[in-house]
Amino acid sequence: MSVRTTEEAEPGAEDGRAGAAARKREQHGWYFYDFACSVYSTSVLTVFLGPYLTAVAKAAADSGGYVHPLGIPVRAGSYFAYTVSVSVIVAVLIMPLVGAVADRTGRKKPLLAVTAYTGAAATAGMFFLDGDRYLLGGLLLVVANAALAVSMVLYNAFLPQISTPDERDTVSSRGWAFGYTSGALVLLLNLVLYQGHDSFGLSEGEAVRICLASAGLWWGAFALIPLRRLRDRAVVREPGAGPAVSGWRQLVATLKDMRRYPLTLSFLLAYLIYNDGVQTVISQASVYGSEELELEQSTLIVAVLLVQVLAVVGALGMGRLARAYGAKRTILGSLAAWGLTLAAGYFLPARTPVWFFALAAMIGLVLGGSQALSRSLFSHLVPAGKEAEYFSAYEMSDRGLSWVGPLVFGLTYQVTGSYRDAIISLVFFFALGFVLLARVPVRRAVRAAGNPVPERI
């Protein structure tokens, strides 16, 4: 059974200007968690850690090119990918349990603090990743990645509580914009340090380790702002609401409960599919650029920076569109734009950075908005008192289940030998996601979840 917050009728139910001011204060604090943790995703996971950890693993490899974590032979070149997969499995096991505990106790903020500082400490600890310490690197990656995923469940679960229904598209979009802003800023500083490491008296490896550790320090420092401003809501336990159970049992219980809200499940299915396409484009675009378009590493890094900058514009711009046309229509428009972007990418000429930058710009403009509005739209479909529990399922769709797209990408390349065919195969995810989302009657879904329906959605 569920628990319900004492303010579940509508976030910010306090009367008058004092209530509105308190709600704005929480919203401003909430934005800063994206600002804090996004540097990990950008600088650590997307740019620096993969190549560096692979190099460390190769330094520890035997004559056949294998390392042996826990006695298991693993190619050094595959170690990073396998470690990311392990971190996803760990997160999937933990997220439902933490979500259930947060909803049953109402203590989201202490749990957010624990997960945020666990991830920040693990990331800062990457400064000590040198020589052949591949096992240390793998352990820190698993801890940081899993902690980030779990913290995002708790972070997202605050959204319905700190914003009125009509505010959520704007609040969610601003959160994403804050995240992309910090990602771009820190990545720019990291690139200055990395490319000018000789002038700073540093080796290339030392520069990378400083870049990795600085992301953890940034994460921990700016996490203080949301932890000071956000506040927990008291909960009233309904009869039969028992203690939290194991992660998998809680996930099963959550999915069973979701069957009472089939329209919420319909949206989650659509999101799972089109987000799989989004995540695959993010992870494979650099492969497409280097292998098919024959672009240099510096070009790819600048393209990542361009995506970060324009994602801020896209998130805020699509937030404005959502206020005028509704979140659902705006997301549908973004999915159409994703499909056109991939079609354009198929025809890009090789060894022409300017066209790859144009592609990166198109991705940036639709990336932040489609993610921000998906989060805010889902928040309307969550029954009150179950925010963290339902957002654990949402976060698993975002981070834990995005493996079909890379599989399709890889199989297409294996069969055709063409990365162009592989990139165009991803249009399927956006087309199917578009069709499934278009069929979800979102107003009826909001009412079915027991929530007030915004004027535009």
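Up top you'll find the structure we're talking about.
Residues numbered from 1 in each chain as written. Predicted model: local features only at pLDDT ≥ 70, side-chain atom pairs only at ≥ 80, totals over all residues. Heavy atoms only, no water.

Peer 1: Explain the overall build of the chain here, please?
Peer 2: Secondary structure summary: the chain contains 18 helices and 4 strands in total. Computed over the C-alpha atoms, the radius of gyration of the chain is 22 Å, within 12% of the 23 Å expected from 2.2 N^0.38 for a compact globule of 457 residues. If one aligns the C-alpha atoms of the chain with their principal axes, the spans along those axes are about 65 × 45 × 40 Å. For the chain, buried positions account for 54% of its 457 residues. Restricting the contact set of the chain to residue pairs at least 6 apart, pairs at least 24 apart contribute 84%. Of the roughly 18,900 Å² of accessible surface on the chain, a fraction of 64% belongs to carbon and sulfur atoms. Across the chain, 38 positive and 31 negative side-chain charges occur, with their mean positions spaced 8 Å apart. (Helix = DSSP H or I, 4+ residues; strand = E, 2+ residues; numbered from the N terminus. Rg over C-alpha atoms; globule rule 2.2 N^0.38 Å. Buried < 20%, exposed > 50% of the residue type's maximum accessible area, 1.4 Å probe, protein only. Contact = heavy atoms within 4.5 Å. Areas by Shrake-Rupley, 256 points an atom, 1.4 Å probe, with all protein chains shown as cover. Lys, Arg positive; Asp, Glu negative; His and termini not counted. Charge placed at Lys NZ, Arg CZ, Asp CG, Glu CD.)

Peer 1: Mind showing me how you'd approach the packing of helix 3 (residues 108–124) against helix 7 (residues 204–222) here?
Peer 2: Axis angle and axis distance: for two packed helices, these are the angle between their axes and the distance between the axes, and together they describe the pair. Contact pair helix 3 / helix 7: the axes reach a minimum separation of 7 Å and the direction vectors enclose 160 degrees. Taken as axis vectors, helix 3 and helix 7 run roughly antiparallel relative to one another. For the pair helix 3 and helix 7, the crossing hand works out as left-handed. Facing A116, Y117, G119, A120, T123 and A124 of helix 3, the residues of helix 7 in contact are L212, A213, A215, G216, L217, W219 and G220. Class assignment for the residues of the contact of helix 3 with helix 7 results in 9 nonpolar, 4 polar and no charged. (Axes fitted to C-alpha atoms, helices over the stretch in contact; angles between N-to-C directions. Parallel < 35°, antiparallel > 145°, perpendicular 65-115°, else oblique. Left-handed = near helix turned anticlockwise from the far one by under 90°. Nonpolar A, V, L, I, M, F, W, Y, C, P; charged D, E, K, R; others polar.)

Peer 1: Just checking my understanding: could you explain unusual backbone geometry for this structure?
Peer 2: Most peptide bonds are trans, and most residues other than glycine sit at a negative phi. For E294, which is not glycine, the phi dihedral falls at a positive 60 degrees. With respect to the helices and strands, E294 occurs in the loop between helix 10 (262–292) and helix 11 (297–325). One non-glycine residue, R351, lies in positive phi territory at about 55 degrees. By relative accessible area, which is 57% here, R351 ends up exposed.

Peer 1: I keep staring at the packing of aromatic side chains and nothing clicks. Help me out?
Peer 2: In this description, a pair of aromatic rings is defined by centroid distance and the angle of the planes. As enumerated under the stated definition, the model contains 27 aromatic pairs in all. Residues F48 and Y194 carry aromatic rings whose centres are separated by 5.7 Å and whose planes lie at 65 degrees to one another, so their mutual orientation is edge-to-face. Separated by 146 residues along the polypeptide, F48 in helix 1 (residues 16–60) and Y194 in helix 6 (residues 168–195) bring together distant segments of the chain. Given a relative accessible area of 6%, F48 falls into the buried group. Given the relative accessible area of 22%, Y194 is considered partly exposed. Here W218 and F222 contribute two aromatic rings whose centre-to-centre distance is 4.7 Å and whose plane-to-plane angle is 40 degrees, an arrangement assigned as tilted. Taken together, the positions of W218 and F222, both in helix 7 and 4 residues apart, correspond to about one turn of that helix. Residue class for F222 comes out partly exposed when judged on its relative accessible area of 24%. (Phe/Tyr/Trp six-rings, centres within 6.5 Å; stacked < 30°, edge-to-face > 60°.)

Peer 1: Quick question: what am I supposed to make of a positive patch on the surface here?
Peer 2: A cluster of like positive charges, contributed by R329, R443, R444, R447 and R456, occupies part of the molecular surface. Of the residues forming the positive patch, the biggest block, 3 residues, is contributed by helix 18 (residues 442–448). If you trace the backbone, R329 turns up in helix 12 (residues 327–346). The class of R329 is exposed, set by a relative accessible area of 64%. (Patch = residues over 30% accessible without salt bridge, like charges linked within 9 Å, V, L, I, M, F, W, Y side chains within 5 Å. Salt bridge = Lys/Arg side-chain N within 4 Å of Asp/Glu carboxyl O.)

Peer 1: Looking at this model, I keep getting lost on the nonpolar core. Mind explaining?
Peer 2: Where a protein is soluble and globular, its nonpolar side chains tend to be buried together. By size, the foremost hydrophobic cluster in this structure holds 129 residues, and its most contacted members are W30, Y33, L49, W219, F267, W338 and F378. With 16 residues, helix 1 is the single largest residue contributor to this core. Y33 has contacts with L112, A116, S151, M152, Y155, W219, A223 and P226, leaving out every residue within four places of it along the chain. (Core = buried A, V, L, I, M, F, W, Y, C linked by side-chain atoms within 4.5 Å.)

Nothing here speaks to function; it is geometry throughout.
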